[in-house]
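# Structural features, examined
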Amino acid sequence: MTEFFQSLGMGYEAAWFTATIAGILLIAFPLMLAVAMIIYADRKIWAAMALRKGPNVVGPFGLLQSFADGLKVFLQETIIPSAANKGLFLLAPIITFTVALMAWAVVPFGPAAVLSDINVGLLYVLAISSLGVYGVVMAGWASNSKYPFFSAMRAAAQMISYEVSIGFILICVVLWAGTFNMNGIVLAQQNHVWLLNGFAFNPLLFPMWVMFLISSLAETARAPFDLTEAESELVAGYQTEYSSMAFALYWLGEYANVLLMCALNAVLFFGGWLPPLDIPILYNFFFTEGLTAVFWLFAKILFFFFIFSWVKATVPRYRYDQLMRLGWKVFLPLSLFFVVLISGYLMATGHYGATA
Amino acid sequence: MIQTLAFYLFAVLVIASAVMVITARNPVHSVLWLILAFFNGAGLMVLVGAEFIAMLLVIVYVGAVAVLFLFVVMMLDIDFAELRAGFVKNFPLGIAVALVLLAELVLGIGAYQAGALQLGEPSGVGAPRMGESNIESIGALLYGKYLFLFETAGIILLVAMVGAIVLTHRPPKTQRGHQNISKQNQRRPQDATVMKQPPVGQGVEL
C-alpha cells in the first residue's frame, strides 16, 4: 500500500505512515463490525441449542440486535463508584479493548495482506495476549469491591497457567514450520499431509491442536473456563462495577479476543488462508487470489467460532481447582512431552536437512 | 524521521514512567508504571533491531513477572504513615546511593565527551551473522558456543523450582477437602442417585 500512496506524490515516510494508518483502519473497522455480528451469531447459536429463538426483533431476523444494544449502553450513564481508584477504573476497559485489537497487526489475511509481516510474529501474538490480563486485574483492583477483586485474582492465575502450555504448543508448531513469521507458518502447512493443508492433520500435531483449542478457551475466559465472571459465585466478576461504554468495551474486547483465538487456531493448525486441500482450483475461485485467501481464512474463523459457541452452549463450568489441575497437571506435562517427541522426530527424520 | 520520533517517544516515556515508579504514592501505581517502563524499553529494543529480546521482555517480564508482582502488591495492606517514618533512618543510605549514581553519570558523560571507544571488528562465533534473523543468531550462539553454560543455567533453575516445591509441598491425603479428580470422573449417576416412587402418605426409606 505504501507504493500506492507514494504514487500519489508523497515522500516515502509520509506514504508509509498513511499506508499504516489506512491498514489499521482497514482491519479495525471490519473487525468491530465482525464483533457486533459475531455476538448476534453467538446468541443465535446458544438459542438454537437451547430450543429458543434468540434475538429476532430488531431488524430482519434480529440482525441489528447488537447495534441496538450498543446504542443502549452508549446512552447510559457511566457510573464510577466513589471508593474506586478513578484513573485505573477508567483505564482498565480501554486497555482490554486496545490489546484485543493490537494482536491483529500480524494476522495474515492473505499472501500479502498482513499489516506488519515481522519475523517474530508469533512471539508478538504471545506477548500481546499476555497483556490482556492487565485490563481484568486493574479493573478488579480499581473497583475496590470484593467480588471484582476475587475475579481479578482468578484471571491472573488462570492466564499465567494456560500461557505456559500455550507456549509449549506454539514451540511445536514453530519447530515444524521453522519460522516465527505468521505467513511462513501458513506456507509451511501447504500440502503438509498428502493433499491436506494444515498441521492439525499431522498425527503428531493433532493432539497439540486439541490442547490449543482448549487452552484458547481458557485464555479468553470463555465457558467452560469463565470463572472470572462466574455469576453464581462472583456476581459478574471484574465487570460488576462497570456500566455504560466501559462495560461495552469489555464486551467488545472479549469477543475480539475470541475471534483472534479462532484466527490463531486457523493460522497455526489449519493452514490459515490456504484452502483445506492443495488443489489449484481452490486457490482462485472467488474473484481474485487475494479474496479467495480471505474467504478461506474467514470460513475457518467462523468454523472455530461455531465450536466456541457450541462449547459454551453445552459444557458446564469447571470448578477452580479442576481448571488449575487441567492446566498444570495435564496440559503442561503433556505439551512438554510433545515438545520432546516432536523435536526428536524432526531430528531423527532430518527435517532440517543438511543445515543441522 | 519516524524512527527518531519513535525513539524520543519511547525514551521519554521510559524515563518518565521510571520517575513515576519511585514517586508514586500507591505501590500498585508503582508496579503499573514499572510495566509501562518495561513496555517502552521493549519498544526501544525493537528500534535497535533486537526484536527477539523485545518480545521476550514483554512476554517474560510484563506478561508473567509483573503480573505476579501486581498480584502480591494488590493484596498488601500498606500503612503509608509507617512507610514514611523510615525516611529519616534511611536518608544517609539514600544519599550514598544517589552520590554513586551521580559519580557514574559524570564519569559516563565525561567519557562520552572524550570520544568514542575504538571497537575491534567483531569476529569468531560471537560476530553477528549478516542476513540472519535475531532468533537464528541467538539460537546458534546459545546452542552452539554456550551450550554447556545454557544447560547449566537450566539445571540450576530446575533445582530452584524443585526446592520451592519441596519446601511448600504437603502430602495431599492429610489435607482437608482434598479432591480426587479421577474418583470424581468415575462417579456415575447410578452411584449417586436412586429413583424412589413412594406411595401417597408414606415417607421414603433411604
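Nothing here was measured: the structure is a model prediction, and the numbers come from that model. (Residues numbered from 1 in each chain as written. Chains lettered and ligands numbered in written order. Predicted model: local features only at pLDDT ≥ 70, side-chain atom pairs only at ≥ 80, totals over all residues. Heavy atoms only, no water.)

## Observations concerning the side chain of Ser165(A)
Formally: Secondary structure elements follow DSSP: runs of H or I no shorter than four residues count as helices, runs of E no shorter than two count as strands, and numbering proceeds from the N terminus. Whether two residues touch is decided by their heavy atoms; if any such pair falls within 4.5 Å, the residues are in contact.
Tracing the backbone shows Ser165(A) in helix α6 (residues 146–177). Those residues in contact with Ser165(A), other than ones at most four positions away along the chain, are Ser215(A), Phe331(A), Leu332(A) and Ser335(A).

## Considering the domain arrangement of chain B
So the rule is basically this: Boundaries of every domain are those given by an automatic assignment or by a domain database.
As far as domains go, chain B holds domain 1 (1–78), domain 2 (79–113) and domain 3 (132–165). Computed over C-alpha atoms only, the centres of domain 1 of chain B and domain 3 of chain B are separated by 25 Å.

## Examining the packing of helix α2 (residues 12–49) of chain A against helix α12 (residues 289–314) of chain A
Geometrically, a packed helix pair is captured by the angle between its two axes and the distance between the axes. Residues and elements named next belong to chain A. Our working rule: Where helices are involved, their axes are fitted lines through C-alpha atoms of the stretch in contact, as for all axes, and angles between N-to-C directions lie from 0 to 180°. Under this scheme an angle from 65 to 115 degrees is roughly perpendicular, one under 35 degrees roughly parallel, and one over 145 degrees roughly antiparallel; angles in between are oblique. If you view the pair so one helix is near and one far, a crossing is left-handed when the near helix is turned anticlockwise from the far one by less than a right angle, and right-handed when it is turned clockwise. Residues are grouped as follows: nonpolar covers Ala, Val, Leu, Ile, Met, Phe, Trp, Tyr, Cys and Pro; charged covers Asp, Glu, Lys and Arg; every other residue, Gly included, is treated as polar.
Two elements in contact, α2 and α12, have axes whose closest approach is 9 Å; the angle formed by their N-to-C orientations is 45 degrees. One finds that α2 runs oblique with respect to α12. The two elements α2 and α12 meet at a crossing, and its hand is right-handed. Contacts from Ile38, Asp42, Ile45, Trp46 and Met49 in α2 reach Leu302, Phe305, Phe306, Ser309, Trp310, Lys312, Ala313 and Thr314 in α12. Tallied by class, the residues present in the contact of α2 with α12 amount to 9 nonpolar, 2 polar and 2 charged.

## Considerations on the interface of chain B and chain A
Interfaces are often sized by the accessible area lost when the parts come together. Quick note on the threshold: Note on definitions: buried area is the accessible-area loss of two parts on being combined, 1.4 Å probe, summed for both. Under the rule applied, a polar contact is a pair of N or O atoms within 3.5 Å (in protein, one hydrogen donor and one hydrogen acceptor; residues adjacent in sequence only if both atoms are side-chain atoms).
On the side of chain A, 30 residues touch chain B, which itself brings 29 residues to the contact. Approximately 2,500 Å² of surface area, both sides summed, lies buried where chain B meets chain A, with 78% of it carried by carbon and sulfur atoms. At the boundary of chain B with chain A, the tally comes to 4 residue pairs in polar contact (both at pLDDT 80 or more). Broken down by secondary-structure element, the contributors of at least two residues to the side of chain B that touches chain A are α1 (2–23), α2 (27–47), α3 (51–75) and α8 (181–186) of chain B. Ranked by the residues each element gives to the side of chain B that touches chain A, the list is headed by α3(B), at 15 residues. Residues belonging to the side of chain B that touches chain A are distributed by class as follows: 21 nonpolar, 7 polar and 1 charged.

## Here's the deal with the nonpolar core
The line we're drawing: We define a nonpolar core as any set of buried Ala, Val, Leu, Ile, Met, Phe, Trp, Tyr and Cys residues linked to one another through side-chain atoms lying within 4.5 Å. Here the term buried applies to any residue with accessible area under 20% of the maximum for its type, exposed to any over 50%, and partly exposed to those in between, with areas from a 1.4 Å probe on protein chains only.
Judged by nonpolar contacts, the single largest core of 121 residues is most densely connected at Trp104(A), Tyr134(A), Met208(A), Leu268(A), Phe269(A) and Ile342(A). The element that contributes the greatest number of residues to this core is helix α5 (residues 121–142) of chain A, accounting for 16 residues.

## Some thoughts on α2(A)
So the rule is basically this: Multiply 1.5 Å by the residue count of a helix minus one, and that product is the helix's expected span.
Counted at 1.5 Å a residue, the expected span for α2(A) with its 38 residues is 56 Å, and the 54 Å between its end C-alpha atoms agrees. Downstream of α2(A) by one or two residues, Leu51(A) has phi in the positive range, about 55 degrees.

## Here we look at the UniProt feature "transmembrane region" (unreviewed entry) in chain B
Residue and element names in this part refer to chain B. Short version of the rule: UniProt positions are given in the numbering used here, feature names are shortened, and annotations may be inferred rather than shown by experiment.
The sites that UniProt annotates as "transmembrane region" (unreviewed entry) are residues 6–24, 31–50, 56–78, 90–112 and 146–167. Between the end C-alpha atoms of residues 6–24 the distance is 26 Å, and the span holds 95% helix and 0% strand. End C-alpha atoms of residues 146–167 are separated by 32 Å, and the span's content is 95% helix alongside 0% strand.

## Section: the UniProt feature "transmembrane region" (unreviewed entry) in chain A
All names here are of chain A. The feature "transmembrane region" (unreviewed entry), as given by UniProt, occupies residues 14–41, 88–109, 121–143, 164–188, 194–214, 255–274, 294–314 and 326–348 in the numbering adopted here. Helix makes up 100% of residues 14–41 and strand 0%, and the two end C-alpha atoms of the span are 40 Å apart. Along residues 294–314 one finds 100% helix and 0% strand; the C-alpha atoms at either end are 30 Å apart.

## Remarks on the packing of aromatic side chains
Residues and elements named next belong to chain A. Just so we agree on the cut-off: For this analysis, a ring pair means two rings from Phe, Tyr or Trp (six-membered ring only for Trp) whose centres lie within 6.5 Å, classed as stacked if their planes differ by under 30 degrees, edge-to-face if by over 60, and tilted for the remaining angles.
Under the defined criterion, the tally for this structure stands at 22 aromatic pairs over all chains. Judged by centre distance (5.0 Å) and plane angle (75 degrees), the ring pair of Trp209 and Phe270 falls under edge-to-face. Taken as a pair, Trp209 in helix α8 (residues 206–219) and Phe270 in the loop between α10 (244–269) and α11 (280–283) lie far apart in primary sequence, 61 residues in all. With respect to class, Trp209 is no different from Phe270; both count as buried.

## Things to note about the confidence of the model for chain A
Under the convention used in this document: In predicted models, pLDDT denotes the confidence assigned by the predictor to each residue on a 0 to 100 scale.
Taken as a whole, chain A shows an average pLDDT of 84; of its residues, 98% reach a score of 70 or greater. By mean pLDDT, helix α1 (residues 2–7) of chain A is the weakest element of chain A at 73, and α8(A) is the strongest at 90.

## A look at the pattern of salt bridges
All names here are of chain A. Note the cut-off: Within this document, salt bridges are pairs made up of a side-chain nitrogen of Lys or Arg and a carboxyl oxygen of Asp or Glu, the two lying within 4 Å of each other.
Scanning the entire structure with this criterion turns up 4 salt bridges over all chains. Of the charged contacts in the structure, one is a salt bridge between Asp226 and Arg317, with a shortest N-O distance of 2.9 Å. With Asp226 in the loop between α8 and α9 (231–234) and Arg317 in the loop between α12 and α13 (320–348), the pair connects residues that are 91 residues apart, well separated along the chain. When its relative accessible area of 27% is taken as the criterion, Arg317 is described as partly exposed. Salt-bridge contacts for Asp321 lead to Arg319; the nearest nitrogen and oxygen are separated by 2.8 Å. Note on Asp321: relative accessible area 28%, which makes it partly exposed. The exposure class assigned to Arg319 is partly exposed, which follows from its relative accessible area of 33%.

## So, the packing of α6(A) against α13(A)
Residue and element names in this part refer to chain A. Two elements in contact, α6 and α13, have axes separated by 9 Å at closest approach and are oriented at 15 degrees. Considered as vectors, α6 and α13 are oriented roughly parallel to each other. Crossing of α6 over α13 shows left-handed handedness. Considering only residue class, the contact of α6 with α13 consists of 22 nonpolar, 6 polar and 1 charged.

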